[in-house]
Amino acid sequence: MKSEYDFEVNKKSNHVNSFTFEKLFSGMYMGEVVRLILLKLIKERLMFKGQTTDKITKDWQFTTKCISDIMADTENDSRQTRHVIEEFDLGHVTSDDDVAIVKYLCYLVSVRAAKLIAAGLAVLITHIKKEQMTIAVDGSMYEHHPTLAKMIKDELHMLCPNTQAKFILAKDGSGRGAAFVAAVACKQSQLTHTNVYKQS
């Protein structure tokens, strides 16, 4: 499942060999995966006439915002893609084929992210076994990527066709989730202590 680019991202990350599943689709890492693929294609002289720039060779400069901007383009409109390419000082060596490849790479990385996220959710949904479910989602990638939310929903429907899943955007989902878990643990602890007291 992991590519050579995923292993490279892991090596350069702040938490090597941790959160390895998250690194396959998180907004913090997707842009770097695309940049590494582009860089390999450039070095093999398959894109941008084999020319690199300081910006494209610098780690973490191709952000997930770049992917979101590029994915906002349509099949017949590549203005956002060309704008992103120009930001990396590659506009003067860009062909129509280069533009198409950049768009396709961002699409592939986005589709992979959607499939992985949906697969993880499908495992939980299958375990819970409910016909209707609300899923709270946090993260700038889900919020700002123009097509990721629909991709995830479509993939999840294919995996769990008998479950109606409703997605809601939850700000600070991690913080709220931690607070909820703490509250449940506290309540459980109180109940345990109460039962012990009654038995004694």
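Structure's up top.
Residues numbered from 1 in each chain as written. Predicted model: local features only at pLDDT ≥ 70, side-chain atom pairs only at ≥ 80, totals over all residues. Heavy atoms only, no water.

## Looking at helix α4 (residues 79-87)
Just so we agree on the cut-off: In this scheme, a residue with accessible area under 20% of its type's maximum is buried, one over 50% is exposed, and one in between is partly exposed, where area comes from a 1.4 Å probe on protein chains only. The helix count covers DSSP runs of H or I at least four residues long, the strand count covers runs of E at least two residues long, and both are numbered beginning at the N terminus. Note: the arc covers the axis-to-C-beta directions of the helix.
If you check which residues of α4 are buried, you get Thr-81, Val-84 and Ile-85. On an axial view of α4, the arc spanned by its buried residues comes to 100°, and they lie on one face. Of the residues trailing α4, Asp-89 is marked for its positive phi of about 60°.

## What to know about the nonpolar core
As a reminder, the rule being used: Grouping buried Ala, Val, Leu, Ile, Met, Phe, Trp, Tyr and Cys residues that are joined through side-chain atoms within 4.5 Å yields what is termed a nonpolar core. Throughout, a contact is declared for two residues whenever any of their heavy atoms are within 4.5 Å.
Of all hydrophobic cores here, the largest spans 52 residues; its most connected members are Phe-48, Phe-62, Ile-135, Leu-156 and Phe-167. Residue assignment for this core shows that the elements contributing at least two residues are α1 (4-12), α2 (30-43), α3 (64-71), α4, α5 (96-128), β1 (132-137), α6 (140-144) and α7 (148-159). Looking at which element gives the most residues to this core, the answer is α5, with 13 residues. In contact with Ile-135, not counting residues within four places along its chain, are Leu-121, Ile-125, Leu-156, Ala-165, Lys-166, Phe-167 and Ile-168.

## Observations concerning the pattern of salt bridges
Going by this rule: The salt bridge definition used is simple: a Lys or Arg side-chain nitrogen within 4 Å of an Asp or Glu carboxyl oxygen.
For the coordinates displayed, the defined rule picks out 12 salt bridges. Two residues, Arg-112 and Asp-6, come together in a salt bridge whose shortest N-O distance is 2.8 Å. One end of the pair, Arg-112, is in helix α5; the other, Asp-6, is in helix α1, with 106 residues separating them in the sequence. Two residues, Asp-69 and Lys-65, come together in a salt bridge whose shortest N-O distance is 2.9 Å. One end of the pair is Asp-69 and the other is Lys-65, both in helix α3 and 4 residues apart, which spans about a single turn. Beyond isolated ion pairs, a larger network of salt bridges with shared partners links Lys-12, Glu-32, Arg-35 and Asp-59.

## Description of a nonpolar patch on the surface
To keep things clear, this is the line we draw: Patches in this entry comprise residues that are over 30% relatively accessible and not in a salt bridge; like charges within 9 Å are linked, as are nonpolar side chains (Val, Leu, Ile, Met, Phe, Trp, Tyr) within 5 Å. Method for areas: the Shrake-Rupley scheme with a 1.4 Å probe, in which residue coverage is limited to the protein chains shown.
There is a patch of nonpolar side chains on the surface, built from Tyr-104, Tyr-107 and Leu-108 and spanning about 310 Å² of accessible area. The residue Tyr-107 is located in helix α5 in this model. Tyr-107 gets classed as partly exposed once you look at its relative accessible area, which sits at 39%.

## A short note on the packing of aromatic side chains
Which entries qualify depends on this criterion: In this analysis, rings of Phe, Tyr and Trp, with Trp reduced to its six-membered ring, are considered paired at centre separations within 6.5 Å, and the interplanar angle assigns stacked below 30 degrees, edge-to-face beyond 60, and tilted for intermediate values. Whether a charge lies above a ring is judged from NZ of Lys or CZ of Arg, which has to be within 6 Å of the ring centre and within 35 degrees of the ring normal.
All told, the structure shown has 5 aromatic pairs when counted by the stated rule. Ring centres 5.0 Å apart and planes at 75° place the aromatic pair Phe-21 and Phe-25 in the edge-to-face group. Sitting above the plane of the Trp-60 ring, Lys-12 keeps its charged end 5.7 Å from the centroid.

## Observations concerning the packing of α4 against α5
To be explicit about the condition: Only the stretch in contact is used when a helix axis is fitted, and all axes are lines through C-alpha atoms; the angle between N-to-C directions ranges over 0 to 180 degrees. By definition in this entry, angles of less than 35 degrees are roughly parallel, angles greater than 145 are roughly antiparallel, angles of 65 to 115 are roughly perpendicular, and the rest are oblique.
Where α4 meets α5, the axes come as close as 10 Å, and the angle between the chain directions of the two elements is 100°. As far as their axial angle goes, α5 and α4 are roughly perpendicular. Within the contact between the two elements, α4 uses Thr-81, Arg-82 and Ile-85 and α5 uses Asp-96, Val-99, Val-102 and Lys-103.

## Section: the pairing of β1
Under the convention used in this document: Two strands form a pair only when DSSP identifies at least two bridges running between them.
Side chains of β1 alternate between two faces, with Met-133, Ile-135 and Val-137 buried and Gln-132, Thr-134 and Ala-136 left unburied. Strand direction decides the pairing type here: β1 and strand β2 (residues 164-169), joined by 6 bridges, are parallel. From the neighbouring strand, Met-133 faces β2, where its bridge partner is Ala-165.

Function-wise, these values are silent; they only describe arrangement.
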